[in-house]
Amino acid sequence: MKEFLKYVLATITGIILLSIIMGIMTVISMVGLVASTAGNTPVEDNSVLTLSLSGQLDERAESNPMAKLTGQVSDNLGLDDILSAIRKAKENENIKGIYIEAGLFSSDTPASTHAIREALLDFKKSGKWIVSYADTYEQSTYYICSVSDKIFLNPQGM
């Protein structure tokens, strides 16, 4: 009986120690994940915001921390992320303009493309420039890019 109690207590102690170690490792991993996604990179002087309009536009981009850990990249763009980036670029003195790289861009609602265009118009009121380039302009991307000071098209494009 004495041996049995010794093995039971050893097993319980091992389980408790393993749980504590795994809990600490989980907390450290989560803190590291949050710290890596929340870090702000300083913007150098005379920088340009590159706005890549390619993929599917959703109201909110899917936030999946596990996909970031595995290296999976989603093609979906979040309307709130785009509008926030344009607003931050307007407020940042180091950003001198926006370069729009238009590609295969799909939006479910015209209101979303209108919201992006209005944000770009507001950006231009700050005296900064916008330049657009695409191999092919679709109707929604051309509508957004019509705000630009200059619109460039690949000579082989449409």
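Quick look at the structure, then.

Rules behind the numbers
Residues numbered from 1 in each chain as written. Predicted model: local features only at pLDDT ≥ 70, side-chain atom pairs only at ≥ 80, totals over all residues. Heavy atoms only, no water. Helix = DSSP H or I, 4+ residues; strand = E, 2+ residues; numbered from the N terminus. Buried < 20%, exposed > 50% of the residue type's maximum accessible area, 1.4 Å probe, protein only. Contact = heavy atoms within 4.5 Å. Areas by Shrake-Rupley, 256 points an atom, 1.4 Å probe, with all protein chains shown as cover. Salt bridge = Lys/Arg side-chain N within 4 Å of Asp/Glu carboxyl O.

1. Notes on the overall build of the chain
Phase 1: A tally of regular secondary structure across the chain gives five helices and five strands.
Phase 2: A burial count over the chain gives 26% of its 158 residues as buried.
Phase 3: Summarising the internal contacts of the chain: among those between residues at least 6 apart in sequence, 65% fall at separations of at least 24.
Phase 4: Carbon together with sulfur atoms contributes 61% to the accessible area of the chain, which is approximately 10,900 Å² in total.

2. Re the side chain of Thr141
Phase 1: As for its position among the elements, Thr141 is in helix 5 (residues 139–145).
Phase 2: Residue class for Thr141 comes out buried when judged on its relative accessible area of 0%.
Phase 3: Setting aside residues no more than four positions away along its own chain, Thr141 makes contact with Ala102, Gly103 and Phe105.

3. Describing the pattern of salt bridges
Phase 1: Applying the stated criterion across every chain, the model contains three salt bridges.
Phase 2: A salt bridge links Asp122 to Lys90; the shortest N-O distance between them is 3.0 Å. Residue Asp122 is located in helix 4 (residues 110–124), and its partner Lys90 is located in helix 3 (residues 79–91); the two are separated by 32 residues in the primary sequence.
Phase 3: Take Lys90: its relative accessible area is 27%, and that puts it in the partly exposed class.
Phase 4: Between Asp149 and Lys124 there is a salt bridge whose closest N-O contact spans 2.9 Å. One end of the pair, Asp149, is in the loop between helix 5 and strand 5 (150–153); the other, Lys124, is in helix 4, with 25 residues separating them in the sequence.

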